Amino acid sequence: MSAVEIAAAVRSGQQSARSAVEECLSVIEEGDAEVHAFNLVTAAQARTRADEIDAAVADGRDPGPLAGVPVALKDNLCTRGVPTTCSSRILEGWEPPYDATVVEKLHNAGAIVVGKTNMDEFAMGSSTENSAFGPTRNPCDPNRVPGGSSGGSAAAVAAGFASIALGSDTGGSIRQPAALCGVVGVKPTYGLVSRFGLVAFASSLDQIGPFTTTVADSAAVLDVISGPDHRDSTSIRDSLPPVTDTLDDGVDGLRVGVLAELSGDGIAPDVSARLRAAIDALESAGARVAEASVPAAVFGLSAYYLIAPAEASSNLARYDGVRYGLRMDASNTPDMNTATRSAGFGDEVKRRIMIGTYALSAGYYDAYYGKAQKVRTLIINDFASVWEQFDLLVSPTSPTTAFSLGERTADPMAMYMSDVCTVPVNLTGQTAMSVPYGVGDDGLPVGVQVMAPALGESVMFRAAAVLEASLR
Ligand code: GLN
């Protein structure tokens, strides 16, 4: 059952929230030893909350639009009194004193948290192999990675451990794992969803978004979690009209651009073939398709891998052994800081902190960070002119299907290349989503990325719904 169907059944009293939760818990029990989607399963709290929802239904109170829907949360979303680890040793033992805004909103909408999901440490990675707690496996093939950094959330939805999951997307960490696991994944417009309570990686790029099995479910989740929040200073003040309302409006007459810079070189032939099939489906539904060019998009990855580490080096300075989690003993404070950070952070996090600190240091700031910011502006300007001619853009989400565990861990550049199609829209703040669109030569899922201008979620979801329907 989809999340929308579960909520309808729970609200009408046809199914209890408790049975929806028990079903997920037993699927987790059976399958998560192999997949390792979860860092923590919150079974007891989930049962208690389910009984509250069922009591509300029995009393005739409205349990909310996502009543009884089991949800998995990426482990960088703060949950009050429940460990939030970012899959890092450095947060060992830390329990946030508050809930993230999205967690609060899901709770108020009747959704039930079943656990916290595994991720690349501090969301740095594309395979979930950079977790301090061991990798997550792809439910479609346990020898493959689920993508990352929100690999646990993508795997949880793909394996049926939860109907919906939340992840965070700084450079593709929702869309790429969604593509590799064969589920829907959405990166909302920057500022549409509050980041309050999301542990910061690169604050100018981070956004929270849903993973679901259907497009309608993602629309329903987005409608619940979006909206202004005074606790996030970058939150957009206006609310968007519900995406759910226009889901079935189709794409007749819409101008769709195939983004040349992200759809040619370096894309595996079987992935390109699925993109062509998706383009055909949009055309048959009445869209006018042409090639689109965003020349500066080719610099996206280079700019991203300076800006994101620079912001990370600053954000991660707070893990000093004093305020959160882990502390290693030493005879003086600086040695304690060093010992704590040396023991608490994994290799990739250390690599990013060093790159970012270097890029921000006096003497190199203009040459690296300053230049990357200028390139970011070029990319923003190039997209702005393309939006004068197109309503939507499409590309593959990931250049390849899921790769094997261990295949790219020794080569950071090969790992970073996984994000080549997804990072540009984080730099611009636009919205984009990955829609599963069949399988590649290896039988593993392929995702098609649909991109829209800032706050273009409604149009983007219309195209996603058309793509989904074309496969039925
Ligand atoms: N894979 C990219 C990185 O390692 C994106 C991560 C993300 O979106 N959180 O930075």
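If you're wondering where the values come from, they're calculated on a predicted model, not measured in any experiment.

A few points about the site of the ligand
In step 1: If you check the shell around the ligand, you find 15 residues, and the closest are Thr170, Gly171, Ser173, Tyr304 and Arg352.
In step 2: One of the backbone N or O atoms of Gly125 is found 2.8 Å from an oxygen atom in the ligand.
In step 3: When isolated, the ligand has an accessible area of 290 Å², and the protein chains bury 100% of it.
In step 4: Of all the cavities here, the one that holds the ligand is the largest cavity.
In step 5: Looking at side-chain class alone, the shell around the ligand contains five nonpolar, seven polar and three charged residues.

Remarks on the confidence of the model for the protein chain
When pLDDT drops low, the exact placement of atoms in the prediction is not to be read closely.
In step 1: Here the protein chain averages 97 in pLDDT, while 100% of its residues score no lower than 70.
In step 2: For the protein chain, the element scoring lowest by mean pLDDT is helix α14 (residues 412–416), at 90; strand β5 (residues 184–187) scores highest, at 99.

Some points on the pairing of β5
In the case of a regular strand, side chains alternate between the two sheet surfaces.
In step 1: What you see with β5 is no split at all: Val184 and Val186 on one side and Gly185 and Lys187 on the other are buried throughout.
In step 2: In this sheet, strand β6 (residues 207–212) lies alongside β5 in antiparallel orientation, the contact comprising two bridges. When the bridges of β6 are listed, Val184 appears paired with Thr212.
In step 3: Two elements, β5 and strand β10 (residues 431–439), share three bridges in a ladder whose sense is antiparallel. What sits directly across from Val186, in β10, is Met433.

Some thoughts on the pattern of salt bridges
In step 1: Counted by the stated rule, this structure contains 19 salt bridges.
In step 2: Between Arg18 and Glu22 there is a salt bridge whose closest N-O contact spans 2.7 Å. On the criterion of helical spacing, the pair formed by Arg18 and Glu22 is a turn pair, its members being four residues apart in helix α2 (residues 17–35).
In step 3: When its relative accessible area of 29% is taken as the criterion, Arg18 is described as partly exposed.
In step 4: Looking at Glu22, the relative accessible area reads 25%, which means it is partly exposed.
In step 5: One salt bridge connects Arg61 with Asp59, and the closest N-O pair in it is separated by 2.9 Å.
In step 6: By sharing partners, the salt bridges in this structure join Arg18, Glu22, Arg47 and Asp51 into a single network.

About the thresholds
Residues numbered from 1 in each chain as written. Predicted model: local features only at pLDDT ≥ 70, side-chain atom pairs only at ≥ 80, totals over all residues. Heavy atoms only, no water. Near = heavy atom within 4 Å. Polar contact = N/O pair within 3.5 Å; in protein donor to acceptor, adjacent residues only side chain to side chain. Areas by Shrake-Rupley, 256 points an atom, 1.4 Å probe, with all protein chains shown as cover. 1 Å grid on protein atoms, 1.4 Å probe; cavity = no way out; pocket = protein on both sides within 12 Å on 5 of 7 lines; lining within 4 Å. Sits in = over half its atoms within 2 Å of the grid points. Nonpolar A, V, L, I, M, F, W, Y, C, P; charged D, E, K, R; others polar. pLDDT = per-residue confidence, 0-100. Helix = DSSP H or I, 4+ residues; strand = E, 2+ residues; numbered from the N terminus. Buried < 20%, exposed > 50% of the residue type's maximum accessible area, 1.4 Å probe, protein only. Pairing = 2+ DSSP bridges. Salt bridge = Lys/Arg side-chain N within 4 Å of Asp/Glu carboxyl O.

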